[in-house]
Amino acid sequence: MKPIHPAPLLIVIASFDPNGNGKNDYDPAHPELLYDKTSPIYGEQWAISKPEDCYERFFGESGFSMMNYYKEMTLGKFWFYPVPIDHPQRENAPEGILEITVPLPHPAALRNLEGYNNETAAAKAIHDIVAACDPYIDFAKYDKNGDGLVTPDELAIVILNAGYDRASTKADEEFSKIVCENGPIPSHRFMVHGTSQPTDAEMSGGVKIVRVSNIGEYNSTGPITIGTPAHELAHNVGAQDMYCRYTPPAEQVFGWPLPLNFSLMSWGNHLGSGTRPAYIDPYQRIYLGWAEEITAEKDGEYTLFSTLSGKYSVLKIPTPDPDEYFLCEVRLKEGFESQLTPGDSKGGVIIWQIDEAINREWFLKAQCVSSNLPGGKRHDLGNAIRLRNMFTEITDEDGHFIKYGPCYKEKNITEDPFFYASDDAGTGHFDSSLYCGAASGSYSLNRFPEGVSPDWKLIIDVLDAPGAEMRIRIKRS
Ligand SMILES: [Zn+2]
């Protein structure tokens, strides 16, 4: 089911109290008791956040809240609103947020105990945290389709684990304990990796909670920003990762042409330290039902609109290969995307090349853009971005540019990878025959069906400077 109706969201601030005495036993004179596996308070870790600290960040009606992020990206089709708490924990507690304490060590400590590993410790902690929410919310009424499951489009859950998020927190290098993640302060050494995770917590009324997002409550810059929760929640409703999943470090390719900043599911969740996450890529905006696509059956002029104009749509340009097509969209550096690239460029047109033959096989396995080697062989990206001036240049003996190589010349997005009209004719001109598949090295298309000339190409000329409305002219030959 496509997530096109706003969904209630429950945020759970989870504390870990292994001896179950209901109070924080951390003693600054004896921090080692938290890290000693034989101590009754091994893995004790209490949340720093209060519901009041989280409300505006996630549910604020104004400013750069997560609710407004989803509203902006989906043109008002989908967002997460605070789930009403049927039986509040205290007077005047904010909607949408619970504080839960479980009699368990933090999962990064629990996994070191007999009978547990990484996976089972996380599963146990998540299960018990979700189950402990049962008295406060009548979960059964959210099972809209009556299948006995409360799915994330019916009610989403984010667990904010006491302590820090591993991926966005600098570990304390002075402190080193095998049994810890070496979190930055003595009372909070254990950390979690952000995940979207299945669970099977049985709730009153005979319903099960089946999937949650699980992250730390803090990172190096302070309370966890909205980028990582927005990314994990997008997974919950069906989005896939757009970075190199399952590629061992030794096999990583420098400059593998990922969407990077241009998708929430690649690096876009980290922009502005997670305060200004980028939208999801247009392929998934269409896939999730958050944007319209318009098909360019004929060559000629088309007008594209920015997201904040309220008229955003994606132009789909078919090619002679039924599985391959191009997508064109306007991405401006405004609203949540104000930090899309470094520097002062305004944004412009972004061009993508989609290959459904790749996506049929790899999208749902979260590997449609990965540089891994399934079966010993890399495949092209099913969701490839054609950024301007980012790819390595192949030149002739005299140093004249011929075409682009398969990978980026640098690791990070440059200031101005957009296409737009300007005094420099080069900024507005796209020629597919200069770009190739990252694995196949095949120019213009990854495959040419029988009877199609290998000289087939798509030319796109952008006719306007960056703006809410940008015309392009396309020609296939
Ligand atoms: Zn992810």
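All residue numbers here refer to positions counted from 1 along the written sequence of the relevant chain. Since the coordinates come from a predicted model, pLDDT governs what is reported: local features require at least 70, and pairs of side-chain atoms require 80 or more to be given and counted, while whole-chain, interface and lining totals use all residues. Heavy atoms from the whole structure form the basis of all side-chain values; hydrogens and water molecules are not counted.

Caption draft 1: Structural detail: the layout of surface pockets. Points on a 1 Å grid, built from protein atoms alone, make a cavity when a 1.4 Å probe fits but cannot get out and make a pocket when they are open with protein on both sides within 12 Å along at least 5 of 7 lines; residues with an atom within 4 Å of a point are the lining residues. Grid points are joined across faces, edges and corners, and a volume is the space filled by probe spheres set on the points. Estimated volume of the largest pocket: approximately 840 Å³. Lining the largest pocket are 31 residues, and of these Ser-196, His-231, Glu-232, His-235 and Asp-241 lie nearest its centre. Each helix is a run of H or I in the DSSP string that is no shorter than four residues. Each strand is a run of E no shorter than two, and both are numbered from the N terminus. Of all the secondary structure elements, the ones that give two or more residues to the lining of the largest pocket are strand E7 (195–203) and helix H5 (227–236). Broken down by element, the lining of the largest pocket gets its largest block of residues, five residues, from H5. Taken together, the residues that form the lining of the largest pocket break down as 10 nonpolar, 14 polar and seven charged. Note that Gly is not counted as nonpolar here; it falls among the polar residues with everything else outside the nonpolar set of Ala, Val, Leu, Ile, Met, Phe, Trp, Tyr, Cys and Pro and the charged set of Asp, Glu, Lys and Arg.

Caption draft 2: Local environment of the state of the cysteines. The rule for a disulfide is simple: a pair of cysteine sulfur atoms within 2.5 Å. Using the criterion set out here, one finds zero disulfides in the structure. The closest cysteine sulfur to the non-disulfide-bonded Cys-133 is located on Cys-54, 14 Å from its own sulfur. Burial status follows relative accessibility: with a 1.4 Å probe on protein chains alone, a residue under 20% of its type maximum counts as buried, one over 50% as exposed, and anything between as partly exposed. By relative accessible area, which is 2% here, Cys-133 ends up buried. Looking at Cys-407, it has no disulfide partner, and the nearest cysteine sulfur is the one in Cys-436, 8.2 Å off.

Caption draft 3: Structural view of the side chain of Asp-241. The topology assignment puts Asp-241 in the loop between H5 and helix H6 (282–287). Distance and chemistry together define a polar contact, namely a pair of N or O atoms within 3.5 Å, with one atom able to donate a hydrogen and the other to accept it when in protein, and with adjacent residues in sequence counting only for side-chain atoms on both sides. A polar contact is formed between the side chain of Asp-241 and the side chain of His-231, at a distance of 3.0 Å. One polar contact links Asp-241 to His-235, side chain to side chain, over a distance of 2.9 Å. Setting aside its immediate chain neighbours within four residues, Asp-241 contacts His-231, His-235, Met-265 and Ala-366. A contact between two residues is defined here by any heavy atoms of the two lying within 4.5 Å.

Caption draft 4: Representation of the sheet that holds strand E20 (residues 469–476) in the model. By the convention used here, strands pair only if DSSP detects at least 2 bridges between them. Spatially, E11-E20-E19-E18 is the arrangement adopted by the four strands of the open sheet, whose pairing is antiparallel. A strand with exactly one partner marks an edge of an open sheet, and here the two such strands are strand E11 (300–305) and strand E18 (429–431). For this sheet, the mean inter-axis angle between neighbouring strands, taken without regard to orientation, is 25 degrees. As paired strands, E18 and strand E19 (residues 458–462) are joined by three bridges and run antiparallel to one another. Paired with Asp-431 across the bridge in E19 is Ile-459. Here an angle of 0 to 180 degrees is reported between the N-to-C directions of two axes, which are lines fitted to C-alpha atoms, with helices fitted over the stretch in contact.

Caption draft 5: Seen up close, helix H4 (residues 118–131). In this model, H4 (14 residues) spans 20 Å end to end at C-alpha, consistent with the 20 Å of a helix rising 1.5 Å per residue. Three or more residues of H4 are buried, namely Ala-121, Ala-122, Ala-125, Ile-126, Asp-128, Ile-129 and Val-130. Of the surrounding elements, those touching the buried residues of H4 are strand E1 (7–16), strand E3 (97–102), helix H3 (107–110), strand E5 (156–165), E7 and strand E8 (207–219). Backbone nitrogen of Glu-119 and a side-chain oxygen of the N-cap are separated by 3.0 Å at the start of H4; the cap is Asn-117. Helices are assigned an expected span. That span is 1.5 Å times one less than the residue count.

Caption draft 6: Expanded view of the domain arrangement of the protein chain. Those domain boundaries reflect an automatic or database domain assignment. Here the protein chain is described as being made up of domain 1 (7–236) and domain 2 (249–476). Here the C-alpha centre of domain 2 lies 35 Å away from the C-alpha centre of domain 1. Between domain 1 and domain 2, the buried area comes to about 1,900 Å², and carbon and sulfur atoms account for 69% of it. Within this document, salt bridges are pairs made up of a side-chain nitrogen of Lys or Arg and a carboxyl oxygen of Asp or Glu, the two lying within 4 Å of each other. Here domain 1 is connected to domain 2 by zero salt bridges. At the boundary of domain 1 and domain 2, one finds eight residue pairs in polar contact (both at pLDDT 80 or more). Elements represented by at least two residues in the side of domain 1 that touches domain 2 include exactly helix H2 (66–73) and H5. A total of six residues in the side of domain 1 that touches domain 2 trace back to one element, the largest contributor, which is H5. Taken together, the residues that form the side of domain 1 that touches domain 2 break down as nine nonpolar, 10 polar and two charged. By buried area we mean the combined loss of accessible area, with a 1.4 Å probe, across both parts when two parts are placed together.

Caption draft 7: Spatial organisation of the packing of aromatic side chains. The criterion for an aromatic pair is that two Phe, Tyr or Trp rings (for Trp, the six-membered ring) have centres within 6.5 Å, with stacked assigned to planes under 30 degrees apart, edge-to-face to planes over 60 apart and tilted to the rest. Throughout the structure, instances matching the rule amount to 23 aromatic pairs. Between Tyr-70 and Phe-80, the ring centres sit 5.1 Å apart and the planes meet at 90 degrees, which makes this aromatic pair edge-to-face. Of the two residues, Tyr-70 is situated in helix H2 and Phe-80 in strand E2 (residues 80–82); the sequence distance between them amounts to 10 residues. The exposure classification of Tyr-70 matches that of Phe-80, with both residues buried. Only lysine NZ and arginine CZ atoms are considered, and such an atom sits over a ring when it is within 6 Å of the ring centre and within 35 degrees of the ring normal. In this arrangement the basic side chain of Arg-189 is found over the ring face of Phe-175, its NZ or CZ atom lying 3.6 Å from the centre. If you follow Lys-365 out to its NZ or CZ, it ends over the ring of Trp-362, 4.9 Å from the centre.

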